[in-house]
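One letter stands for each residue in the lines below.
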Amino acid sequence: MNQAREHEVAYFVEENRDRLVTLLRDLVRIPSENRAPEGAEAQCQQYVAGVLRAAGWDPLVYSPCEVPGLADHALYWPGRHYAQRPNVAAVRSGTGAGRSLVLSGHIDTVPAGSAPWTRDPFGGEVEGNRLYGRGSADMKSGIAANLFVAEALPALGMQLAGDLILESVVDEEFGGVNGTLAGRLMGFNADAAILSEPSGLRISPAQRGGRTLHITFTAGNAGVLDTGHAWGVIDQLRVFLQALPTFAQMRRRSAPSHPLYAHLENPVPVSVNRIQTAPWGTSEPTNVPDTCRLELFWQTMPGETLDRIDAQFAAWFEGVLGDNAALFAQRPRLEYPIRWLPGSAIDPACPLVGEFAEVVTSTLGFEPPVAGIEGPCDMYVFHEFGIPTLLWGPRGGNLHLSLIHI
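Let us look at the structure shown here. Per-chain numbering applies: the sequence of each chain, read as written, is numbered from 1 onward. The predicted nature of this model means local features are confined to residues of pLDDT at least 70 and side-chain atom pairs, given and counted, to a pLDDT of 80 or more, with totals for whole chains, interfaces and linings taken over all residues. Note that the side-chain values use all heavy atoms of the structure and ignore hydrogens as well as water.

### So, the overall build of the protein chain
Note the cut-off: In DSSP terms, a helix is any run of H or I states spanning at least four residues, a strand is any run of E spanning at least two, and both are numbered starting from the N terminus. Note that the radius of gyration is over C-alpha atoms, with the globule rule given as 2.2 Å times the number of residues to the power 0.38. The classification of residues rests on relative accessible area computed with a 1.4 Å probe and restricted to protein chains. Under 20% of the type maximum is buried, over 50% is exposed, and intermediate values are partly exposed. What makes two residues a contact is simply this: any of their non-hydrogen atoms within 4.5 Å. For the accessible areas, the method is Shrake-Rupley and the probe is 1.4 Å, while residue cover comes only from the protein chains on display.
Within the protein chain, the regular secondary structure consists of nine helices and 18 strands. Here the C-alpha radius of gyration of the protein chain, 24 Å, is about what a compact globule of 406 residues would show, namely 22 Å. Based on the C-alpha atoms only, the size of the protein chain along its principal axes is roughly 85 × 45 × 45 Å. The burial tally for the protein chain puts 48% of its 406 residues in the buried class. Residue pairs at least 24 apart in sequence account for 84% of intrachain contacts in the protein chain once pairs closer than 6 positions are excluded. With an accessible surface of roughly 19,000 Å², the protein chain has 54% of that area assigned to carbon and sulfur atoms.

### Re the environment of Glu 172
Tracing the sequence through the fold places Glu 172 in the loop between strand E8 (164-169) and helix H5 (178-185). Note on Glu 172: relative accessible area 8%, which makes it buried. Counting along the chain gives 129 residues from Glu 172 to Gln 43, while the straight-line C-alpha distance between them is 17 Å. Contacts of Glu 172, omitting those with residues within four sequence positions, involve Asn 34, His 106, Asp 108, Val 177, Glu 197, Cys 377 and Asp 378.

### Remarks on the packing of helix H3 (residues 42-54) against helix H4 (residues 136-156)
The line we're drawing: Interaxial angle, 0 to 180 degrees, is taken between N-to-C directions of lines fitted to C-alpha atoms, where a helix line uses only the stretch in contact. Angle categories: roughly parallel below 35 degrees, roughly antiparallel above 145, roughly perpendicular from 65 to 115, and oblique for all the rest. Handedness of each helix crossing follows the sense of rotation of the near helix against the far helix: counterclockwise by less than a right angle gives left-handed, clockwise gives right-handed. In this classification, the charged set is Asp, Glu, Lys and Arg, the nonpolar set is Ala, Val, Leu, Ile, Met, Phe, Trp, Tyr, Cys and Pro, and all remaining amino acids, among them Gly, are polar.
Running from N to C, H3 and H4 point in directions that differ by 20°, and their axes come no closer than 9 Å. Classed by the angle they form, the pair H3 and H4 counts as roughly parallel. Between H3 and H4 the crossing geometry is right-handed. Facing H3, whose interface residues are Cys 44, Val 48, Val 51 and Leu 52, H4 presents Lys 140, Ile 143, Leu 147, Ala 150 and Glu 151. Grouping the constituent residues of the contact of H3 with H4 by class yields seven nonpolar, no polar and two charged.

### Digging into the sheet that holds strand E13 (residues 291-300)
Rule in force here: Here, strands pair whenever DSSP counts at least two bridges between them.
Spatially, four strands are ordered E12-E13-E11-E14 in an open sheet, and the strand pairing comes out antiparallel. The sheet is open, and its two borders are formed by strand E12 (270-276) and strand E14 (333-335), each paired with just one other strand. Neighbour-to-neighbour, the strand axes of this sheet turn through a mean angle of 20°, independent of strand direction. Bridge analysis of E12 against E13 gives six bridges, and the strand direction is antiparallel. Across the sheet, residue Ile 275 finds its bridge partner in E13, namely Leu 294. Its contacts with the sheet place helix H6 (residues 233-254) against strand E11 (209-218), E12 and E13, and it is angled at close to 5° to E13. Contacts between helix H7 (residues 306-323) and the sheet are confined to E11, E13 and E14, with E11 contributing the most and set at about 30° to the helix.

### Topic: empty space enclosed by the protein
To keep it simple, the criterion reads: Only protein atoms enter the 1 Å grid used here. Points where a 1.4 Å probe fits but cannot escape make up a cavity, open sets with protein on both sides within 12 Å along at least five of seven lines make up a pocket, and a residue lines them when an atom lies within 4 Å of a point. Grid points are joined across faces, edges and corners, and a volume is the space filled by probe spheres set on the points.
Tallied over the full model, the rule gives one cavity of 30 Å³ or more. The volume enclosed by the largest cavity comes to roughly 70 Å³. Along the walls of the largest cavity sit Val 48, Leu 52, Val 88, Ile 143, Asn 146, Leu 147, Leu 166, Glu 167 and Ser 168, which together make up its complete lining. Among the secondary structure elements, those contributing two or more residues to the lining of the largest cavity are H3, H4 and E8. Looking at the lining of the largest cavity residue by residue, the class counts come to six nonpolar, two polar and one charged.

### A short note on the pattern of salt bridges
As a reminder of what qualifies: Basic side-chain nitrogens of Lys or Arg form a salt bridge, by our definition, when they fall within 4 Å of a carboxyl oxygen of Asp or Glu.
Within this structure, the stated rule accounts for 18 salt bridges. Measuring nitrogen to oxygen at the nearest pair gives 2.9 Å for the salt bridge that ties Glu 304 to Arg 251. Of this pair, Glu 304 sits in the loop between E13 and H7 while Arg 251 sits in helix H6; the two residues are 53 residues apart in sequence, bridging distant segments of the chain. We note that Glu 304, like Arg 251, is buried. In this structure, the salt-bridge partner of Glu 295 is Arg 274, at a minimum N-O distance of 3.5 Å. Of the two residues, Glu 295 is situated in strand E13 and Arg 274 in strand E12; the sequence distance between them amounts to 21 residues.

Here it is, written out as structure tokens:
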């Protein structure tokens, strides 16, 4: 692109800034919560398709269930339902003289939840340079930016050298990923891809992996008037939590190092996401709980395999049970509620990263950092299909709460 064209594009973006904010507000105001295995993305996807049509694109709205070979693919995760949960994809053909690109993002969000919000989660409220609402950062801001590109190209009369594919997929949250897989099997592939996840204006050619585990501790209920000592689930929980730092240390020692995560003090954190024993309040009987559920989540590096991850945890966990055999007379139940999300990376020296960094530097006036994203996402699917892919998106905070800087 020559310098005059670059100035024209920059002027268009600045002059139409409010349109980008409007697109984001509209998307935030249409709930698209993922409540796995169900979801409610249809209305938001119809909005996406409508914007594309109005801009002269010809979007395909299709159900992942219609995609040949999806359920038979090795990356498919069974048990998710896709009624009224369509993907949207559209292609703007180039002249054939250049490389092709996919701009992809997921339209689903985590639920608003039961915790109180200080602002309407679906209000899209703007205050200063911040926009608040469920999914504003993760990742309706990315979808809005892609739609802005879809409108800008015809408005500027730009003819691309290579094909540009815009894609909005369903069911990424809670380890879904089937929507992203469906897009690849439908043939919406290219020489490279950009996932507009919120990366804090960092170029991220890598994602961490993640393993989620539900543990249910069970013990007899002795009652509040018991005169002796009976082992209970609280004792089991105490012993487990006291031992957990040993597992975290084991992970830090054994996980392979990766240069895109060298900046992190702890590249493979282990966390307890939630603990539940019994309903709360005076409407419930006062008693010692006989069950306790705990959600454990640990992150992994690119290159680690599922067999290795699970074997490492099993060896540590069996050691905890063996050292406390009387306490764990009733063996805890282990359940994996979502798929294994592997870490994945491309070589930061590949042309996609270098060329993208040059564009960012010339456009925004600073050299962007190149670093791995801190959490799992669906980028690994693109990598599995041999498509060089990176994450690039805006700054924000409280990503599953959430707000975006505009």
